[in-house]
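Here is how the chains run, residue by residue.
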Amino acid sequence: MSRLDPETHQSLTDMRELMANADCLISQEEVERALDRMAEEITRDLGDKLPVFYCVMNGGLITTGHLLTRLGFPLEVDYLHATRYRGKTRGGELFWRVSPEIPMAGRHVVIVDDILDEGATLAAILDYCREAGADSVTTAVLVDKQHDRKAVPGLKADYCSLEVADRYVYGFGMDIKGYWRNAPGIFAPKGR
Ligand SMILES: O=P(O)(O)OC[C@H]1O[C@H](OP(=O)(O)OP(=O)(O)O)[C@H](O)[C@@H]1O
Ligand SMILES: Nc1nc2[nH]cnc2c(=O)[nH]1
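Residues numbered from 1 in each chain as written. Chains lettered and ligands numbered in written order. Predicted model: local features only at pLDDT ≥ 70, side-chain atom pairs only at ≥ 80, totals over all residues. Heavy atoms only, no water.

**Points about the overall build of the protein chain**
Per the secondary structure count, the protein chain includes four helices and eight strands. Written out in order from the N terminus, the α and β elements of the protein chain read α-β-α-β-α-β-β-β-α-β-β-β. Its C-alpha atoms give the protein chain a radius of gyration of 17 Å, near enough to 16 Å, the size a compact globule of 192 residues would have. Dimensions of the protein chain along its principal axes, counting C-alpha atoms only, are 55 × 40 × 35 Å. Put simply, of all contacts in the protein chain between residues at least 6 apart along the chain, 66% involve residues at least 24 apart. (Helix = DSSP H or I, 4+ residues; strand = E, 2+ residues; numbered from the N terminus. Rg over C-alpha atoms; globule rule 2.2 N^0.38 Å. Contact = heavy atoms within 4.5 Å.)

**Some remarks on the environment of Gly178**
Position of Gly178 relative to the elements: it lies in the loop between strand E7 (162-164) and strand E8 (186-188). Classification of Gly178 by relative accessible area gives partly exposed; the value is 46%. (Buried < 20%, exposed > 50% of the residue type's maximum accessible area, 1.4 Å probe, protein only.)

**Some remarks on the site of ligand 1**
Not every one of the 18 residues close to ligand 1 is listed here, only the nearest: Tyr85, Asp113, Asp114, Gly119 and Thr121. Between ligand 1 and Glu118, the relevant distance is 2.9 Å, taken from an oxygen atom to a main-chain nitrogen or oxygen of the residue. Here ligand 1 has 500 Å² of accessible area as a free molecule, and 95% of this is covered by the chains. Its atoms largely coinciding with the cavity grid, ligand 1 occupies the largest pocket. Breaking the shell around ligand 1 down by element, the ones donating at least two residues are strand E3 (76-83), strand E5 (108-116) and helix H4 (120-131). (Near = heavy atom within 4 Å. Polar contact = N/O pair within 3.5 Å; in protein donor to acceptor, adjacent residues only side chain to side chain. Areas by Shrake-Rupley, 256 points an atom, 1.4 Å probe, with all protein chains shown as cover. 1 Å grid on protein atoms, 1.4 Å probe; cavity = no way out; pocket = protein on both sides within 12 Å on 5 of 7 lines; lining within 4 Å. Sits in = over half its atoms within 2 Å of the grid points.)

**Thoughts on the UniProt feature "domain: Phosphoribosyltransferase" (unreviewed entry) in the protein chain**
In the UniProt entry, the feature "domain: Phosphoribosyltransferase" (unreviewed entry) is given for residues 28-152. Between the end C-alpha atoms of residues 28-152 the distance is 30 Å, and the span holds 32% helix and 30% strand. (UniProt positions renumbered as here; feature names shortened; annotations may be inferred.)

**Let's talk about the site of ligand 2**
Around ligand 2 lies a shell formed by Tyr85, Ile115, Asp117, Lys145, Arg167, Tyr168, Val169, Met174 and Asp175. In this structure, Val169 approaches ligand 2 through a main-chain N or O atom, which is 2.7 Å from a nitrogen atom. At 2.7 Å, a backbone N or O of Asp175 approaches a nitrogen atom of ligand 2. Comparing atom positions with the cavity grids shows ligand 2 to sit within the largest pocket.

**Observations concerning the environment of Ala157**
Within the secondary structure, Ala157 is located in the loop between strand E6 (136-145) and E7. Sequence-wise, Ala157 and Pro189 are 32 residues apart; in three dimensions their C-alpha atoms are separated by 26 Å. Excluding its chain neighbours within four sequence positions, the residues that come into contact with Ala157 are Leu116, Thr139 and Val141.

**Remarks on the side chain of Asp114**
Among the secondary structure elements, Asp114 is positioned in strand E5. At 5.2 Å, Arg181 is the nearest oppositely charged side chain to Asp114, a buried residue that forms no salt bridge. Sequence-distant contacts of Asp114, defined by excluding residues within four places in its chain, comprise Gly59, Gly60, Thr63, Val141, Leu142, Val143, Phe172, Gly173 and Met174. (Lys, Arg positive; Asp, Glu negative; His and termini not counted. Salt bridge = Lys/Arg side-chain N within 4 Å of Asp/Glu carboxyl O.)

**Description of unusual backbone geometry**
With omega at -5°, the peptide bond leading from Met57 into Asn58 counts as cis. With respect to the element layout, Asn58 can be found in the loop between strand E2 (52-57) and helix H3 (60-68). Residue Leu50 is not a glycine yet carries a positive backbone phi of 45°. Residue position: Leu50 is located in the loop between helix H2 (28-46) and E2. You will see that Trp180, though not glycine, has its phi angle at about 60°, which is positive. According to the relative accessible area criterion, Trp180 is partly exposed, its value standing at 24%.

Shown next as structure tokens:
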């Protein structure tokens, strides 16, 4: 391996240590089973509606990819990027980096994301879809974080069968300090 500058070397060490000491909250097998269930339900409800799936970047990337390969019906795919954490563990104001390209008017829209935490992101995206004239809007989210701080009390995704405790989690699309979106399962730093 080529020599790394000291700062990069330290980050590499820190990130490897973090993963070596993490708690695995949901294994890859459990995630796969949850995606199977989600795909079955979506197929039942939307399989004959030519829906458009919008991936919420960046976190929704892995869930969207795994979900779409389980869907055996015609559909379109687009993405949007609305972010409010931006490498931090606390959410701030929602920043729209990229708006979707495929028009939503008159379409059956499915929003796919990795996590429903406080729900400010999903609530804003739902408003956007309704204003854009979508015929129907459904939401598919891999995990729902359990706490009572939802931006809209009782907010739930239409399709979601995994729950996580109120900890900062990463893996399967979710980052920790920008890293480990590639972790195969859902993890949390030990003791935090
Ligand atoms: O329910 P909320 O509290 O609103 O948080 C959920 C959002 O937070 C994450 O995105 P983030 O803002 O980290 O952007 P990123 O996916 O680009 O990292 C995640 O992918 C969700 O979109
Ligand atoms: N990576 C990550 N992103 C989030 N966005 C909202 N909550 C979380 C979380 O627990 N982890």
